[in-house]
Amino acid sequence: MKESLLKRIRIDPGLLVALLLATFAAWPFLTRASLPTFTDAEMHVYRTFEIIEAWKAGVWYLRWAPDFFYGMGYPVFNYYAPLTYYLGAAYGWFFGGPVAGVKFVLVASAFVGAAGMYLFVRDRWGGVAGVVSAAAFVLAPYTVFIDPHARG
């Protein structure tokens, strides 16, 4: 039974290469204790913190951030897509707070983006083209530096 199961499970080497490229792109987040300073990442930590605190108070879908705008509140979740903050808050709820949650979302986006790009292109033009496109996507300066580091 085990042998037949192992024979049916085939590991795509191109997908492994794409995930290794994503590891290389996410390496600064994996090796450092916190997020880059003087970037927009602090805003994301605050928003993730607001969701965690709302969950502690029993509010499961937050629309109004009560601690923003000098304590008067701000409807940031009405105007900005909150899914990534909820993912970060769910991770941060169990594993170390809002900073860990934001780091998780940034690292996971590198891996999901690389795997998605590889699988999308592989199905259309083959494995080599999939690896090249995953490398171009993950290692593009905008994806590697601007989005996660400079803009958070």
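Reference entry: report on the structure contained in this document. It should be emphasised that the depicted structure is a prediction, and the values quoted were computed from it without experimental measurement.

### Focus: helix H2 (residues 13-31)
1) Next: An ideal rise of 1.5 Å per residue puts 27 Å on 19 residues; H2 measures up with 25 Å between its terminal C-alpha atoms.
2) Next: Buried residues of H2: Gly-14, Ala-18, Leu-21, Ala-22, Ala-25, Ala-26 and Phe-29, and no others.
3) Next: The N-cap of H2, judged by a side-chain oxygen 3.1 Å from the amide nitrogen of Gly-14 a few residues on, is Asp-12.

### Quick word on the environment of Ala-108
1) Next: Inspection of the secondary structure puts Ala-108 in helix H7 (residues 98-125).
2) Next: Spatially, the C-alpha atoms of Ala-108 and Thr-23 are 10.0 Å apart, while their sequence positions differ by 85 residues.

### Points about the environment of Gly-73
1) Next: Counting through the fold element by element, Gly-73 comes out in the loop between helix H4 (68-71) and helix H5 (76-79).
2) Next: Residues within four places of Gly-73 in sequence aside, it is in contact with Trp-64, Ala-65, Pro-66 and Phe-68.

### Section: the packing of aromatic side chains
1) Next: Counting across every chain of the model gives nine aromatic pairs.
2) Next: With a centroid separation of 4.9 Å and an interplanar angle of 40 degrees, the aromatic rings of Tyr-91 and Phe-95 are classed as tilted.
3) Next: Overall, the relative accessible area of 28% leaves Tyr-91 in the partly exposed class.
4) Next: On the basis of relative accessibility, which here comes to 53%, the residue Phe-95 falls in the exposed class.
5) Next: With centroids separated by 4.3 Å and ring planes inclined at 0 degrees, the aromatic side chains of Tyr-91 and Phe-104 adopt a geometry described as stacked. With Tyr-91 in helix H6 (residues 83-94) and Phe-104 in helix H7, this pair connects stretches of sequence that are 13 residues apart.
6) Next: On the basis of relative accessible area, Phe-104 is assigned to the partly exposed category, the value being 34%.
7) Next: Members of the aromatic cluster, connected to one another through ring pairs, are Trp-55, Trp-60, Tyr-61, Tyr-86 and Trp-93.

### Let's talk about the pattern of salt bridges
1) Next: Under the definition given, this model contains three salt bridges.
2) Next: As a salt-bridge pair, Asp-12 and Arg-122 come within 2.6 Å of each other at their nearest N and O atoms. In this pair, Asp-12 sits in the loop between helix H1 (2-8) and H2 while Arg-122 sits in helix H7, placing the two residues 110 residues apart along the sequence.
3) Next: Here the residues in one salt-bridge network are Asp-12, Arg-122 and Asp-123, joined through shared partners.

### Quick notes on the packing of H6 against H7
1) Next: The N-to-C vectors of H6 and H7 enclose an angle of 125 degrees; their axes lie 7 Å apart at closest approach. By the angle between their directions, the pair H6 and H7 is classed as oblique. As H6 packs across H7, the resulting crossing turns out to be right-handed. Residues Thr-84, Leu-87, Gly-88, Tyr-91 and Gly-92 of H6 touch H7, and the partners they reach there are Ala-100, Gly-101, Phe-104 and Val-105.
2) Next: In terms of residue class, the contact of H6 with H7 is made up of five nonpolar, four polar and no charged.

Conventions we followed
- Every chain is numbered on its own, with residues counted from 1 as its sequence reads.
- Local features in this predicted model are restricted to residues of pLDDT 70 or higher, and side-chain atom pairs are both shown and tallied only at a pLDDT of 80 or more, whereas totals for entire chains, interfaces and linings draw on every residue.
- In computing side-chain properties, one takes all heavy atoms of the structure into account and sets aside hydrogens as well as water.
- For helices the rule is a DSSP run of H or I covering at least 4 residues; for strands it is a run of E covering at least 2, with both sets numbered from the N terminus onward.
- Given a helix with a known number of residues, its expected span is that number minus one, times 1.5 Å.
- Per-residue accessibility, obtained with a 1.4 Å probe over protein chains only, is compared with the maximum for each type, and a residue is labelled buried under 20%, exposed over 50%, and partly exposed between these values.
- Polar contacts, as counted here, are pairs of nitrogen or oxygen atoms within 3.5 Å of one another; within protein the pair requires one atom able to donate a hydrogen and one able to accept it, and residues that are adjacent in sequence qualify only if both atoms are side-chain atoms.
- Here, two residues are considered to be in contact whenever any of their heavy atoms come within 4.5 Å of each other.
- For this analysis, a ring pair means two rings from Phe, Tyr or Trp (six-membered ring only for Trp) whose centres lie within 6.5 Å, classed as stacked if their planes differ by under 30 degrees, edge-to-face if by over 60, and tilted for the remaining angles.
- The rule for a salt bridge is simple: a side-chain nitrogen of Lys or Arg has to be within 4 Å of a carboxyl oxygen of Asp or Glu.
- Between the N-to-C directions of two axes lies an angle of 0 to 180 degrees, each axis being a line fitted to C-alpha atoms and, for a helix, fitted only over the stretch in contact.
- For classification purposes, an angle smaller than 35 degrees is called roughly parallel, one larger than 145 roughly antiparallel, one from 65 to 115 roughly perpendicular, and anything else oblique.
- Crossing handedness follows the turn of the near helix against the far one: under a right angle anticlockwise gives a left-handed crossing, and clockwise gives a right-handed one.
- Under the scheme applied here, ten amino acids are nonpolar (Ala, Val, Leu, Ile, Met, Phe, Trp, Tyr, Cys and Pro), four are charged (Asp, Glu, Lys and Arg), and all others, including Gly, are polar.

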